[in-house]
Amino acid sequence: MTEQQTVTYAIDGMTCEHCVMSIDEAFRELPGVTDVQVELVAGGRSTATVTSTAPLDGTAVDAAVEDAGYTLAER
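Presented here is an overview of the structure given in this document. Note that the coordinates shown come from a computational prediction; the quantities given were computed from them, not determined experimentally.

What counts, and at which threshold
Residues numbered from 1 in each chain as written. Predicted model: local features only at pLDDT ≥ 70, side-chain atom pairs only at ≥ 80, totals over all residues. Heavy atoms only, no water. Helix = DSSP H or I, 4+ residues; strand = E, 2+ residues; numbered from the N terminus. Polar contact = N/O pair within 3.5 Å; in protein donor to acceptor, adjacent residues only side chain to side chain. Contact = heavy atoms within 4.5 Å. 1 Å grid on protein atoms, 1.4 Å probe; cavity = no way out; pocket = protein on both sides within 12 Å on 5 of 7 lines; lining within 4 Å. Points joined across faces, edges and corners; volume = space filled by probe spheres on them.

## Concerning the side chain of S46
Moving on, step 1. As for its position among the elements, S46 is in strand β3 (residues 45-52).
Moving on, step 2. Within the local environment of S46, its side chain forms a polar contact with the backbone nitrogen of V41, the two atoms lying 2.9 Å apart.
Moving on, step 3. Filtering out sequence-adjacent residues up to four positions away, S46 remains in contact with Y9, A10, I11, M14, E39, L40 and V41.

Right under this line is the structure:
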């Protein structure tokens, strides 16, 4: 059985439910992602808690968030 890993990412620039859907979709396109939970803090720092079957590549995470139109604040 594969051990799941869960990491929470802080994301800047999210303001609405459309933003939540965009980030959810961006993370789910990464290989190994099994679940995404996004907490919207409009005008503040939102978070995405991502569960995957293996550690995610930091460069791929940065690119996914930026391609969705947002900024990865920290891990």
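## Digging into empty space enclosed by the protein
Moving on, step 1. Using the criterion set out here, one finds one cavity of 30 Å³ or more in the structure.
Moving on, step 2. Approximately 30 Å³ is the volume attributed to the largest cavity.
Moving on, step 3. Secondary-structure elements contributing two or more residues to the lining of the largest cavity are β1 (5-12) and β3.

## Some words on the environment of L40
Moving on, step 1. Here L40 is to be found in the loop between β2 (33-39) and β3.
Moving on, step 2. For the pair formed by L40 and T15, sequence separation is 25 residues and the distance between their alpha carbons is 7.3 Å.
Moving on, step 3. If near-sequence neighbours (up to four positions away) are discounted, L40 is found in contact with M14, T15, C16, E17, V20 and S46.

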